There are 2 protein chains.
Amino acid sequence: MIPITDPRIEEYLRGLAPEDDTHLIAMEQRAKELAFPIVDRLVGRLLYLLTRLRQPQLVVELGSGFGYSAWWFARAVSITGTVVMTDRDGANLDYARTMFRQNGLIDRLEFREGDALEIGREYRDIDILFIDLDKEQYRLAAETMIPRLAKNALLIADNALWYGRVAEGGDDPETRGIREFNDFMCLRRDFFTTIIPLRDGVMLAYRLS
Amino acid sequence: MIPITDPRIEEYLRGLAPEDDTHLIAMEQRAKELAFPIVDRLVGRLLYLLTRLRQPQLVVELGSGFGYSAWWFARAVSITGTVVMTDRDGANLDYARTMFRQNGLIDRLEFREGDALEIGREYRDIDILFIDLDKEQYRLAAETMIPRLAKNALLIADNALWYGRVAEGGDDPETRGIREFNDFMCLRRDFFTTIIPLRDGVMLAYRLS
Ligand SMILES: C[S@@+](CC[C@H](N)C(=O)[O-])C[C@H]1O[C@@H](n2cnc3c(N)ncnc32)[C@H](O)[C@@H]1O
Ligand SMILES: C[S@@+](CC[C@H](N)C(=O)[O-])C[C@H]1O[C@@H](n2cnc3c(N)ncnc32)[C@H](O)[C@@H]1O
(Lines give C-alpha, C1' and ligand atoms only; values in the text may rest on other atoms or scores of the structure.)
(Ligands and ions follow the chains in the order given, each with its own letter.)
Protein backbone atom coordinates (compact mmCIF):
# COMPACT_ATOMS: atom_id res chain seq x y z
CA MET A 1 0.00 0.00 0.00
CA ILE A 2 1.38 3.38 -1.05
CA PRO A 3 0.80 6.30 1.33
CA ILE A 4 -0.73 8.86 -0.98
CA THR A 5 -0.09 11.90 1.16
CA ASP A 6 2.64 12.13 3.77
CA PRO A 7 1.12 12.19 7.29
CA ARG A 8 3.07 15.33 8.23
CA ILE A 9 1.48 17.17 5.31
CA GLU A 10 -1.96 15.90 6.30
CA GLU A 11 -1.40 17.15 9.82
CA TYR A 12 -0.24 20.58 8.64
CA LEU A 13 -3.27 20.85 6.39
CA ARG A 14 -5.70 19.84 9.11
CA GLY A 15 -4.12 22.38 11.43
CA LEU A 16 -4.86 25.11 8.91
CA ALA A 17 -8.52 24.15 8.70
CA PRO A 18 -9.93 23.73 12.20
CA GLU A 19 -13.64 22.89 12.39
CA ASP A 20 -15.90 23.25 15.38
CA ASP A 21 -19.27 22.08 14.09
CA THR A 22 -20.49 19.55 16.64
CA HIS A 23 -22.23 17.32 14.09
CA LEU A 24 -19.16 17.21 11.91
CA ILE A 25 -16.96 16.25 14.82
CA ALA A 26 -19.48 13.68 16.05
CA MET A 27 -19.56 12.08 12.58
CA GLU A 28 -15.77 11.95 12.39
CA GLN A 29 -15.71 10.33 15.83
CA ARG A 30 -18.39 7.85 14.82
CA ALA A 31 -16.52 6.90 11.65
CA LYS A 32 -13.43 6.21 13.72
CA GLU A 33 -15.27 4.12 16.29
CA LEU A 34 -17.11 2.06 13.68
CA ALA A 35 -14.16 2.01 11.25
CA PHE A 36 -16.66 3.36 8.73
CA PRO A 37 -15.08 4.77 5.57
CA ILE A 38 -16.01 8.43 5.12
CA VAL A 39 -14.28 10.91 2.86
CA ASP A 40 -12.08 12.75 5.31
CA ARG A 41 -12.08 16.40 6.20
CA LEU A 42 -9.72 17.53 3.47
CA VAL A 43 -11.79 15.78 0.83
CA GLY A 44 -14.90 17.24 2.43
CA ARG A 45 -13.43 20.71 2.08
CA LEU A 46 -12.66 20.08 -1.57
CA LEU A 47 -16.25 18.90 -2.15
CA TYR A 48 -17.49 22.07 -0.52
CA LEU A 49 -15.32 24.31 -2.68
CA LEU A 50 -16.22 22.52 -5.90
CA THR A 51 -19.90 22.70 -5.04
CA ARG A 52 -19.70 26.43 -4.42
CA LEU A 53 -17.94 26.84 -7.77
CA ARG A 54 -20.50 24.77 -9.67
CA GLN A 55 -23.60 26.13 -7.89
CA PRO A 56 -25.71 23.02 -8.47
CA GLN A 57 -29.45 22.65 -8.11
CA LEU A 58 -29.25 18.87 -7.84
CA VAL A 59 -26.55 16.76 -6.21
CA VAL A 60 -26.93 12.97 -6.18
CA GLU A 61 -24.78 10.78 -3.97
CA LEU A 62 -24.42 7.07 -4.72
CA GLY A 63 -23.43 5.54 -1.39
CA SER A 64 -24.03 8.13 1.32
CA GLY A 65 -23.31 6.24 4.51
CA PHE A 66 -24.54 8.25 7.47
CA GLY A 67 -24.16 11.64 5.84
CA TYR A 68 -20.63 12.92 6.25
CA SER A 69 -20.02 13.79 2.59
CA ALA A 70 -23.66 14.92 2.33
CA TRP A 71 -23.01 17.39 5.15
CA TRP A 72 -20.41 19.16 2.98
CA PHE A 73 -22.65 19.17 -0.08
CA ALA A 74 -25.69 20.34 1.89
CA ARG A 75 -23.82 23.28 3.33
CA ALA A 76 -22.51 24.29 -0.08
CA VAL A 77 -25.70 24.18 -2.16
CA SER A 78 -27.95 27.21 -2.17
CA ILE A 79 -31.22 27.14 -0.22
CA THR A 80 -33.03 26.01 -3.37
CA GLY A 81 -30.60 23.15 -3.96
CA THR A 82 -31.24 19.47 -3.27
CA VAL A 83 -28.86 16.74 -2.15
CA VAL A 84 -30.11 13.20 -2.68
CA MET A 85 -28.65 10.65 -0.28
CA THR A 86 -28.80 6.96 -1.16
CA ASP A 87 -27.85 3.99 0.96
CA ARG A 88 -28.97 0.40 1.24
CA ASP A 89 -28.69 0.59 5.00
CA GLY A 90 -31.68 2.40 6.51
CA ALA A 91 -29.89 2.91 9.83
CA ASN A 92 -27.35 5.13 8.10
CA LEU A 93 -30.11 7.30 6.69
CA ASP A 94 -31.86 7.47 10.07
CA TYR A 95 -28.71 8.88 11.59
CA ALA A 96 -28.41 11.44 8.79
CA ARG A 97 -32.07 12.45 9.08
CA THR A 98 -31.68 13.22 12.78
CA MET A 99 -28.46 15.13 12.19
CA PHE A 100 -29.88 17.27 9.37
CA ARG A 101 -33.04 17.95 11.35
CA GLN A 102 -30.92 19.30 14.17
CA ASN A 103 -28.73 21.55 12.04
CA GLY A 104 -31.60 23.02 10.08
CA LEU A 105 -30.47 21.80 6.65
CA ILE A 106 -33.08 19.05 6.30
CA ASP A 107 -35.08 20.86 3.59
CA ARG A 108 -32.10 20.51 1.25
CA LEU A 109 -32.02 16.70 1.55
CA GLU A 110 -33.77 13.63 0.21
CA PHE A 111 -33.16 10.34 2.02
CA ARG A 112 -33.53 7.31 -0.24
CA GLU A 113 -33.08 3.79 1.07
CA GLY A 114 -32.31 0.99 -1.39
CA ASP A 115 -29.97 0.21 -4.25
CA ALA A 116 -28.15 3.38 -5.22
CA LEU A 117 -28.23 2.62 -8.95
CA GLU A 118 -31.92 1.79 -8.97
CA ILE A 119 -32.67 5.04 -7.20
CA GLY A 120 -30.11 7.07 -9.11
CA ARG A 121 -31.70 6.30 -12.45
CA GLU A 122 -34.90 8.06 -11.36
CA TYR A 123 -33.16 11.45 -11.52
CA ARG A 124 -32.45 13.74 -14.47
CA ASP A 125 -30.34 16.88 -14.92
CA ILE A 126 -27.96 16.04 -12.13
CA ASP A 127 -25.41 18.84 -11.69
CA ILE A 128 -23.07 16.98 -9.36
CA LEU A 129 -22.88 13.19 -9.11
CA PHE A 130 -20.84 11.77 -6.26
CA ILE A 131 -19.84 8.10 -6.51
CA ASP A 132 -18.80 6.34 -3.32
CA LEU A 133 -20.47 2.92 -3.39
CA ASP A 134 -19.01 -0.60 -3.71
CA LYS A 135 -15.87 -0.35 -5.80
CA GLU A 136 -16.87 -3.14 -8.23
CA GLN A 137 -19.85 -0.98 -9.21
CA TYR A 138 -18.05 2.21 -10.18
CA ARG A 139 -17.96 1.65 -13.89
CA LEU A 140 -21.57 0.47 -14.03
CA ALA A 141 -22.53 3.52 -11.96
CA ALA A 142 -20.85 5.84 -14.47
CA GLU A 143 -22.47 4.12 -17.45
CA THR A 144 -25.89 4.23 -15.83
CA MET A 145 -25.72 7.80 -14.63
CA ILE A 146 -23.89 9.71 -17.39
CA PRO A 147 -27.07 10.00 -19.52
CA ARG A 148 -28.73 11.54 -16.46
CA LEU A 149 -26.25 14.36 -15.98
CA ALA A 150 -26.92 18.01 -16.73
CA LYS A 151 -24.88 20.14 -19.11
CA ASN A 152 -21.46 20.90 -17.62
CA ALA A 153 -22.09 18.47 -14.79
CA LEU A 154 -19.33 17.47 -12.44
CA LEU A 155 -18.84 13.80 -11.66
CA ILE A 156 -16.81 13.20 -8.49
CA ALA A 157 -15.67 9.78 -7.34
CA ASP A 158 -13.90 8.89 -4.13
CA ASN A 159 -11.21 6.19 -3.83
CA ALA A 160 -9.96 6.59 -7.40
CA LEU A 161 -6.49 5.50 -6.24
CA TRP A 162 -7.73 2.78 -3.90
CA TYR A 163 -4.89 2.94 -1.37
CA GLY A 164 -2.47 3.19 -4.27
CA ARG A 165 -3.26 -0.36 -5.35
CA VAL A 166 -4.34 0.76 -8.83
CA ALA A 167 -0.75 1.89 -9.39
CA GLU A 168 0.79 -1.26 -7.94
CA GLY A 169 -0.95 -3.68 -10.29
CA GLY A 170 -3.30 -5.12 -7.62
CA ASP A 171 -5.73 -7.65 -9.10
CA ASP A 172 -8.50 -8.10 -6.54
CA PRO A 173 -12.06 -7.28 -7.71
CA GLU A 174 -12.12 -3.86 -6.05
CA THR A 175 -8.79 -2.70 -7.47
CA ARG A 176 -9.85 -4.00 -10.87
CA GLY A 177 -13.17 -2.20 -10.51
CA ILE A 178 -11.51 1.12 -9.83
CA ARG A 179 -8.94 0.69 -12.56
CA GLU A 180 -11.62 -0.08 -15.15
CA PHE A 181 -13.60 2.91 -14.01
CA ASN A 182 -10.57 5.21 -14.27
CA ASP A 183 -9.77 3.96 -17.77
CA PHE A 184 -13.42 4.27 -18.80
CA MET A 185 -13.67 7.89 -17.70
CA CYS A 186 -10.24 9.02 -18.86
CA LEU A 187 -10.80 7.70 -22.38
CA ARG A 188 -14.10 9.55 -22.87
CA ARG A 189 -13.89 12.62 -25.07
CA ASP A 190 -17.08 14.14 -23.65
CA PHE A 191 -15.52 14.57 -20.20
CA PHE A 192 -12.38 16.26 -18.97
CA THR A 193 -11.15 13.96 -16.23
CA THR A 194 -8.39 14.25 -13.68
CA ILE A 195 -7.58 12.52 -10.40
CA ILE A 196 -6.43 14.45 -7.36
CA PRO A 197 -4.04 12.46 -5.15
CA LEU A 198 -5.76 13.70 -2.01
CA ARG A 199 -6.21 11.02 0.63
CA ASP A 200 -7.45 8.00 -1.34
CA GLY A 201 -7.74 9.78 -4.67
CA VAL A 202 -10.62 11.95 -5.84
CA MET A 203 -11.66 11.78 -9.48
CA LEU A 204 -13.06 14.96 -10.96
CA ALA A 205 -14.72 14.65 -14.35
CA TYR A 206 -16.24 17.71 -15.97
CA ARG A 207 -18.80 17.18 -18.69
CA LEU A 208 -17.66 19.25 -21.65
CA SER A 209 -21.10 19.85 -23.15
CA MET B 1 12.08 17.46 2.04
CA ILE B 2 8.84 15.48 2.12
CA PRO B 3 7.70 13.82 -1.11
CA ILE B 4 4.16 15.09 -1.40
CA THR B 5 2.89 12.51 -3.84
CA ASP B 6 4.44 9.09 -4.29
CA PRO B 7 6.20 8.84 -7.69
CA ARG B 8 4.33 5.64 -8.59
CA ILE B 9 1.03 7.46 -8.14
CA GLU B 10 2.27 10.37 -10.24
CA GLU B 11 3.26 7.97 -12.98
CA TYR B 12 -0.10 6.19 -12.91
CA LEU B 13 -1.89 9.53 -13.11
CA ARG B 14 0.22 10.78 -15.99
CA GLY B 15 -0.41 7.53 -17.84
CA LEU B 16 -4.16 8.16 -17.59
CA ALA B 17 -3.84 11.63 -19.07
CA PRO B 18 -1.68 11.50 -22.20
CA GLU B 19 -1.27 14.79 -24.05
CA ASP B 20 -0.12 15.26 -27.60
CA ASP B 21 -0.21 19.02 -28.06
CA THR B 22 3.19 19.93 -29.52
CA HIS B 23 3.43 23.28 -27.74
CA LEU B 24 2.62 21.71 -24.40
CA ILE B 25 5.24 19.04 -24.87
CA ALA B 26 7.80 21.59 -26.08
CA MET B 27 7.19 23.71 -22.96
CA GLU B 28 7.57 20.72 -20.66
CA GLN B 29 10.81 19.86 -22.41
CA ARG B 30 12.03 23.42 -22.15
CA ALA B 31 11.24 23.57 -18.44
CA LYS B 32 13.28 20.42 -17.91
CA GLU B 33 16.25 21.67 -19.90
CA LEU B 34 16.32 25.05 -18.21
CA ALA B 35 15.30 23.66 -14.79
CA PHE B 36 12.54 26.26 -14.96
CA PRO B 37 9.76 25.72 -12.39
CA ILE B 38 6.41 25.30 -14.10
CA VAL B 39 3.28 23.87 -12.54
CA ASP B 40 3.32 20.33 -13.84
CA ARG B 41 0.82 18.57 -16.02
CA LEU B 42 -1.40 17.33 -13.21
CA VAL B 43 -1.64 20.81 -11.73
CA GLY B 44 -2.27 22.15 -15.22
CA ARG B 45 -5.17 19.76 -15.61
CA LEU B 46 -6.60 20.89 -12.30
CA LEU B 47 -6.31 24.54 -13.39
CA TYR B 48 -8.14 23.66 -16.58
CA LEU B 49 -10.98 21.92 -14.75
CA LEU B 50 -11.39 24.70 -12.19
CA THR B 51 -11.42 27.31 -14.94
CA ARG B 52 -14.13 25.45 -16.83
CA LEU B 53 -16.17 25.24 -13.62
CA ARG B 54 -15.78 28.93 -12.80
CA GLN B 55 -16.22 30.23 -16.39
CA PRO B 56 -14.19 33.41 -15.84
CA GLN B 57 -14.06 36.47 -18.02
CA LEU B 58 -10.76 37.64 -16.53
CA VAL B 59 -7.85 35.54 -15.30
CA VAL B 60 -4.74 37.29 -13.96
CA GLU B 61 -1.49 35.42 -13.43
CA LEU B 62 1.19 36.86 -11.15
CA GLY B 63 4.41 35.23 -12.35
CA SER B 64 3.72 33.62 -15.71
CA GLY B 65 7.13 32.41 -16.82
CA PHE B 66 7.00 31.42 -20.47
CA GLY B 67 3.33 30.49 -20.50
CA TYR B 68 2.86 26.92 -19.35
CA SER B 69 0.16 27.63 -16.76
CA ALA B 70 -1.28 30.29 -19.06
CA TRP B 71 -1.67 27.63 -21.75
CA TRP B 72 -4.08 25.72 -19.50
CA PHE B 73 -6.03 28.85 -18.55
CA ALA B 74 -6.19 30.09 -22.13
CA ARG B 75 -7.63 26.81 -23.37
CA ALA B 76 -10.23 26.77 -20.61
CA VAL B 77 -11.62 30.31 -20.83
CA SER B 78 -14.36 31.02 -23.35
CA ILE B 79 -13.53 32.93 -26.53
CA THR B 80 -14.53 36.16 -24.81
CA GLY B 81 -12.27 35.50 -21.82
CA THR B 82 -8.90 37.14 -21.16
CA VAL B 83 -5.79 35.74 -19.51
CA VAL B 84 -3.29 38.36 -18.33
CA MET B 85 0.29 37.12 -18.19
CA THR B 86 2.84 39.04 -16.11
CA ASP B 87 6.57 38.50 -15.87
CA ARG B 88 9.57 40.67 -15.19
CA ASP B 89 11.53 38.79 -17.81
CA GLY B 90 10.58 39.93 -21.30
CA ALA B 91 12.19 36.90 -22.92
CA ASN B 92 9.64 34.67 -21.19
CA LEU B 93 6.79 36.70 -22.61
CA ASP B 94 8.36 36.66 -26.08
CA TYR B 95 8.36 32.89 -26.00
CA ALA B 96 4.72 32.85 -24.89
CA ARG B 97 3.68 35.36 -27.56
CA THR B 98 5.14 33.20 -30.32
CA MET B 99 3.56 30.07 -28.93
CA PHE B 100 0.08 31.59 -28.58
CA ARG B 101 0.31 33.10 -32.03
CA GLN B 102 0.98 29.67 -33.43
CA ASN B 103 -1.85 27.89 -31.63
CA GLY B 104 -4.44 30.53 -32.43
CA LEU B 105 -5.21 31.49 -28.83
CA ILE B 106 -3.42 34.84 -28.90
CA ASP B 107 -6.61 36.91 -28.80
CA ARG B 108 -7.32 35.56 -25.33
CA LEU B 109 -4.01 36.83 -23.89
CA GLU B 110 -2.41 40.00 -22.62
CA PHE B 111 1.38 40.01 -22.22
CA ARG B 112 2.58 42.40 -19.53
CA GLU B 113 6.26 42.85 -18.77
CA GLY B 114 7.27 44.30 -15.41
CA ASP B 115 6.56 43.87 -11.73
CA ALA B 116 3.59 41.56 -11.34
CA LEU B 117 2.12 43.46 -8.38
CA GLU B 118 2.42 46.84 -10.08
CA ILE B 119 0.67 45.47 -13.13
CA GLY B 120 -1.82 43.37 -11.17
CA ARG B 121 -3.21 46.37 -9.33
CA GLU B 122 -4.38 47.90 -12.62
CA TYR B 123 -7.08 45.24 -12.95
CA ARG B 124 -10.57 44.99 -11.41
CA ASP B 125 -13.18 42.24 -11.22
CA ILE B 126 -10.68 39.44 -11.55
CA ASP B 127 -12.50 36.09 -11.61
CA ILE B 128 -9.43 33.90 -11.20
CA LEU B 129 -6.15 35.09 -9.70
CA PHE B 130 -3.18 32.77 -10.02
CA ILE B 131 -0.20 33.44 -7.75
CA ASP B 132 3.14 31.92 -8.73
CA LEU B 133 5.76 34.64 -8.17
CA ASP B 134 8.62 34.90 -5.68
CA LYS B 135 7.56 33.09 -2.53
CA GLU B 136 8.41 35.98 -0.18
CA GLN B 137 5.80 38.04 -2.03
CA TYR B 138 2.80 35.74 -1.67
CA ARG B 139 1.19 37.44 1.29
CA LEU B 140 1.74 40.91 -0.14
CA ALA B 141 0.28 39.67 -3.42
CA ALA B 142 -2.86 38.45 -1.65
CA GLU B 143 -3.27 41.69 0.31
CA THR B 144 -2.79 43.79 -2.82
CA MET B 145 -5.06 41.79 -5.05
CA ILE B 146 -7.99 40.71 -2.87
CA PRO B 147 -9.73 44.10 -3.24
CA ARG B 148 -9.47 43.61 -7.00
CA LEU B 149 -11.28 40.29 -7.12
CA ALA B 150 -14.78 39.75 -8.47
CA LYS B 151 -17.65 38.25 -6.52
CA ASN B 152 -17.10 34.52 -6.02
CA ALA B 153 -13.58 34.80 -7.38
CA LEU B 154 -11.17 31.92 -7.12
CA LEU B 155 -7.66 32.60 -5.88
CA ILE B 156 -5.21 29.83 -6.77
CA ALA B 157 -1.63 29.71 -5.53
CA ASP B 158 1.08 27.25 -6.48
CA ASN B 159 3.74 25.93 -4.07
CA ALA B 160 1.54 26.24 -0.98
CA LEU B 161 3.42 23.31 0.58
CA TRP B 162 6.86 24.37 -0.66
CA TYR B 163 8.41 20.92 -0.96
CA GLY B 164 6.84 20.05 2.37
CA ARG B 165 9.08 22.52 4.18
CA VAL B 166 6.10 24.43 5.61
CA ALA B 167 5.20 21.27 7.53
CA GLU B 168 8.76 20.59 8.65
CA GLY B 169 9.27 23.93 10.38
CA GLY B 170 11.72 25.28 7.79
CA ASP B 171 12.74 28.88 8.53
CA ASP B 172 14.28 30.28 5.35
CA PRO B 173 12.60 33.37 3.85
CA GLU B 174 10.71 31.43 1.21
CA THR B 175 9.28 28.85 3.60
CA ARG B 176 8.37 31.62 5.99
CA GLY B 177 6.75 33.54 3.14
CA ILE B 178 4.55 30.62 2.17
CA ARG B 179 3.64 29.81 5.75
CA GLU B 180 2.56 33.38 6.45
CA PHE B 181 0.53 33.41 3.27
CA ASN B 182 -1.21 30.13 4.19
CA ASP B 183 -2.06 31.42 7.65
CA PHE B 184 -3.25 34.74 6.25
CA MET B 185 -5.65 33.11 3.80
CA CYS B 186 -6.88 30.33 6.07
CA LEU B 187 -7.81 32.77 8.84
CA ARG B 188 -9.92 34.98 6.58
CA ARG B 189 -13.67 34.54 7.00
CA ASP B 190 -14.45 36.02 3.59
CA PHE B 191 -12.74 33.12 1.79
CA PHE B 192 -13.12 29.39 1.95
CA THR B 193 -9.58 28.11 1.62
CA THR B 194 -8.13 24.65 1.19
CA ILE B 195 -4.79 23.28 0.02
CA ILE B 196 -4.59 20.32 -2.33
CA PRO B 197 -1.47 18.19 -1.74
CA LEU B 198 -0.91 17.82 -5.46
CA ARG B 199 2.74 18.08 -6.49
CA ASP B 200 4.00 21.10 -4.52
CA GLY B 201 0.65 22.05 -3.02
CA VAL B 202 -2.09 24.08 -4.70
CA MET B 203 -4.06 26.53 -2.60
CA LEU B 204 -7.66 27.09 -3.63
CA ALA B 205 -9.46 30.00 -1.99
CA TYR B 206 -13.04 30.76 -2.95
CA ARG B 207 -14.38 34.19 -2.21
CA LEU B 208 -17.61 33.69 -0.33
CA SER B 209 -19.27 36.92 -1.39
C1 LIG C 1 -17.81 4.53 1.58
S2 LIG C 1 -19.37 4.53 2.34
C3 LIG C 1 -20.03 6.11 1.99
C4 LIG C 1 -19.43 7.22 2.79
C5 LIG C 1 -20.00 8.59 2.51
N6 LIG C 1 -20.00 8.90 1.08
C7 LIG C 1 -19.20 9.63 3.24
O8 LIG C 1 -18.14 9.99 2.77
O9 LIG C 1 -19.66 10.08 4.31
C10 LIG C 1 -20.29 3.52 1.22
C11 LIG C 1 -21.77 3.38 1.55
O12 LIG C 1 -22.41 2.98 0.37
C13 LIG C 1 -23.38 2.01 0.66
N14 LIG C 1 -23.50 1.23 -0.59
C15 LIG C 1 -22.53 0.59 -1.28
N16 LIG C 1 -23.01 0.08 -2.42
C17 LIG C 1 -24.33 0.43 -2.46
C18 LIG C 1 -25.38 0.21 -3.39
N19 LIG C 1 -25.19 -0.46 -4.53
N20 LIG C 1 -26.60 0.71 -3.08
C21 LIG C 1 -26.82 1.40 -1.96
N22 LIG C 1 -25.88 1.64 -1.06
C23 LIG C 1 -24.64 1.15 -1.30
C24 LIG C 1 -22.89 1.25 1.87
O25 LIG C 1 -23.98 0.79 2.63
C26 LIG C 1 -22.09 2.35 2.60
O27 LIG C 1 -22.87 2.96 3.58
C1 LIG D 1 7.46 29.74 -10.93
S2 LIG D 1 7.74 30.75 -12.34
C3 LIG D 1 6.17 30.80 -13.12
C4 LIG D 1 5.75 29.54 -13.82
C5 LIG D 1 4.41 29.62 -14.51
N6 LIG D 1 3.36 30.10 -13.64
C7 LIG D 1 4.03 28.26 -15.03
O8 LIG D 1 3.57 27.42 -14.26
O9 LIG D 1 4.21 28.03 -16.22
C10 LIG D 1 7.84 32.34 -11.62
C11 LIG D 1 8.01 33.47 -12.63
O12 LIG D 1 7.60 34.65 -11.99
C13 LIG D 1 8.48 35.71 -12.32
N14 LIG D 1 8.41 36.62 -11.18
C15 LIG D 1 8.64 36.34 -9.86
N16 LIG D 1 8.36 37.40 -9.09
C17 LIG D 1 7.94 38.39 -9.96
C18 LIG D 1 7.49 39.72 -9.78
N19 LIG D 1 7.43 40.30 -8.58
N20 LIG D 1 7.12 40.42 -10.87
C21 LIG D 1 7.17 39.87 -12.10
N22 LIG D 1 7.58 38.62 -12.32
C23 LIG D 1 7.96 37.88 -11.26
C24 LIG D 1 9.83 35.07 -12.59
O25 LIG D 1 10.51 35.82 -13.56
C26 LIG D 1 9.41 33.69 -13.13
O27 LIG D 1 9.37 33.68 -14.53
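Every chain is numbered independently, its residues counted from 1 as its sequence is written. Following the order in which they are written, the chains are lettered starting with A and the ligands numbered starting with 1. pLDDT decides what is reported in this predicted model: residues at 70 or higher carry local features, side-chain atom pairs at 80 or more are listed and counted, and totals for whole chains, interfaces and linings draw on all residues regardless. Computation of side-chain values covers all heavy atoms of the structure but excludes hydrogens and water.

### Thoughts on the relation of the copies chain A and chain B
Least-squares fitting of one copy onto the other uses the C-alpha atoms of those residues that reach a pLDDT of at least 70 in both copies. Mapping chain A onto chain B is achieved by rotating through 180° and translating by 0.0 Å along the same axis, at an RMSD of 0.0 Å. Between the two chains, the operation in question is that of a two-fold axis. Residue contacts follow a heavy-atom distance rule, with two residues in contact if any of their heavy atoms lie within 4.5 Å. Residue by residue, 100% of the interface of chain A is reproduced at the interface of chain B, so both copies engage with the same surface.

### A look at the sheet that holds strand S4 (residues 126-131) of chain B
Residue and element names in this part refer to chain B. Read across the open sheet, the 7 strands follow the order S3-S2-S1-S4-S5-S7-S6; overall the sheet is mixed. Only two strands of the sheet have a single neighbouring strand rather than two, namely strand S3 (109-113) and strand S6 (191-196). Strand-to-strand twist of the sheet, defined as the mean angle between neighbouring strand axes without regard to direction, takes the value 15°. Strands are treated as partners if at least two bridges between them are detected by DSSP. Each helix corresponds to a stretch of at least 4 residues labelled H or I by DSSP, and each strand to a stretch of at least 2 residues labelled E; elements are numbered beginning at the N terminus. Simply put, an axis is a line fit to the C-alpha atoms, just over the touching stretch for a helix, and the angle between two N-to-C directions goes from 0 to 180 degrees.

### Description of the packing of aromatic side chains
All names here are of chain A. Two rings belonging to Phe, Tyr or Trp (six-membered ring only in the last case) form a pair when the distance between their centres is within 6.5 Å. Interplanar angles under 30 degrees mark stacking, angles over 60 mark edge-to-face geometry, and anything in between is tilted. Under the counting rule described, the total for this entry stands at 18 aromatic pairs over all chains. When the ring of Tyr-138 is compared with that of Phe-181, the centres are 5.2 Å apart and the planes differ by 90°; the resulting orientation is edge-to-face. Residue Tyr-138 is located in helix H7 (residues 138-145), and its partner Phe-181 is located in helix H9 (residues 173-187); the two are separated by 43 residues in the primary sequence. Residue classification places Phe-181 among the buried positions, given a relative accessible area of 0%. By way of ring pairs, the aromatic residues Phe-36, Phe-66 and Tyr-95 are connected into one cluster. In this structure, Arg-30 is placed above the aromatic ring of Phe-66, and the distance from its NZ or CZ to the ring centre is 4.9 Å. The buried label goes to any residue with under 20% of its type's maximum accessible area, the exposed label to any with over 50%, and the partly exposed label to all in between, with areas taken from a 1.4 Å probe on protein chains only. A positively charged side chain is recorded as over a ring if its NZ (Lys) or CZ (Arg) lies within 6 Å of the ring centre. The angle to the ring normal must also be within 35 degrees.

### A closer look at the side chain of Asn-92 of chain B
Structurally, Asn-92 of chain B can be placed in helix H5 (residues 90-102). Excluding its chain neighbours within four sequence positions, the residues that come into contact with Asn-92 of chain B are Phe-36, Gly-65, Phe-66 and Asp-87 of chain B.

### Observations regarding the site of ligand 1
Residue and element names in this part refer to chain A. The nearness test applies per residue and asks whether one of its heavy atoms lies within 4 Å of the molecule or strand. Near ligand 1 there are 20 residues, and of these Val-39, Asp-87, Ala-116, Asp-132 and Gln-137 occur at the shortest range. Separating an oxygen atom of ligand 1 from a backbone N or O atom of Val-39 is a distance of 2.9 Å. Identification of polar contacts relies on pairs of N or O atoms within 3.5 Å, with a donor-acceptor requirement for protein atoms, meaning one able to donate a hydrogen and the other able to accept it, and with residues adjacent in sequence counted only if both atoms are side-chain atoms. Separating a nitrogen atom of ligand 1 from a backbone N or O atom of Arg-88 is a distance of 3.1 Å. Within the complex, the protein chains bury 93% of what would otherwise be the 600 Å² of accessible surface of ligand 1. Amino acids are sorted into nonpolar (Ala, Val, Leu, Ile, Met, Phe, Trp, Tyr, Cys and Pro), charged (Asp, Glu, Lys and Arg) and polar (every other residue, Gly among them). Looking at side-chain class alone, the shell around ligand 1 contains 8 nonpolar, 7 polar and 5 charged residues. Working definition of accessibility: Shrake-Rupley area with a 1.4 Å probe, residue cover restricted to the visible protein chains.

### Focus on the site of ligand 2
Residue and element names in this part refer to chain B. Taken together, 20 residues sit near ligand 2, with Val-39, Asp-87, Ala-116, Asp-132 and Gln-137 positioned nearest. One of the side-chain nitrogen or oxygen atoms of Ser-69 is found 3.0 Å away from a nitrogen atom of ligand 2. Measuring from a nitrogen atom of ligand 2, one finds a side-chain N or O atom of Gln-137 at 2.8 Å. Relative to its unbound accessible area of 600 Å², ligand 2 is 93% covered by the protein chains. Grouping the constituent residues of the shell around ligand 2 by class yields 8 nonpolar, 7 polar and 5 charged.

### Observations regarding the nonpolar core
In this structure, Phe-100 of chain A together with Phe-100 of chain B are the most contacted members of the largest nonpolar core, which totals 160 residues. Sequence-distant contacts of Phe-100 of chain B, defined by excluding residues within four places in its chain, comprise Gly-67, Ala-70, Trp-71, Ala-74, Met-85, Leu-105, Ile-106, Leu-109 and Phe-111 of chain B. The set of buried Ala, Val, Leu, Ile, Met, Phe, Trp, Tyr and Cys residues whose side-chain atoms join them within 4.5 Å is what this entry labels a nonpolar core.

### A short note on the pattern of salt bridges
We define a salt bridge as a side-chain nitrogen of Lys or Arg found within 4 Å of a carboxyl oxygen belonging to Asp or Glu. Applying the stated criterion across every chain, the model contains 28 salt bridges over all chains. Residues Arg-41 of chain A and Glu-28 of chain A are paired through a salt bridge, measuring 2.7 Å at the closest nitrogen-oxygen approach. Linking Arg-41 of chain A in helix H3 (residues 41-54) with Glu-28 of chain A in helix H2 (residues 22-34), this pair joins segments that are 13 residues apart in sequence. Given the relative accessible area of 10%, Arg-41 of chain A is considered buried. Residue Arg-88 of chain A pairs with Asp-134 of chain A through a salt bridge whose shortest N-O separation is 2.8 Å. Residue Arg-88 of chain A is located in the loop between strand S2 (82-87) and helix H5 (90-102), and its partner Asp-134 of chain A is located in the loop between strand S4 (126-131) and H7; the two are separated by 46 residues in the primary sequence. For Arg-88 of chain A, a relative accessible area of 57% translates into the label exposed. Since its relative accessible area comes to 36%, Asp-134 of chain A is described here as partly exposed. Taken together, the salt bridges that share partners define one network made up of Asp-6 and Arg-8 of chain A together with Glu-168 of chain B.

### Structural notes on the interface of chain A and chain B
Every contact between the two is made by 42 residues of chain A and, on the other side, 42 residues of chain B. Roughly 3,900 Å² of surface becomes buried between chain A and chain B when both sides are summed, with 73% attributable to carbon and sulfur atoms. The largest per-residue losses of area from chain A upon contact with chain B belong to Tyr-12, Leu-53 and Phe-192 of chain A, which jointly make up 17% of the total buried on that side. Viewed at the interface, chain B and chain A are joined by 2 salt bridges. A salt bridge links Arg-8 of chain B to Glu-168 of chain A; the nearest nitrogen and oxygen atoms lie 3.9 Å apart. For the pair chain A and chain B, the interface holds 6 residue pairs in polar contact (both at pLDDT 80 or more). A total of 8 residues in the side of chain A that touches chain B trace back to one element, the largest contributor, which is H3 of chain A. Per-class residue counts for the side of chain A that touches chain B are 27 nonpolar, 7 polar and 8 charged. A 1.4 Å probe defines the accessible area here, and the buried area is the portion of it lost by two parts on being joined, summed over both.

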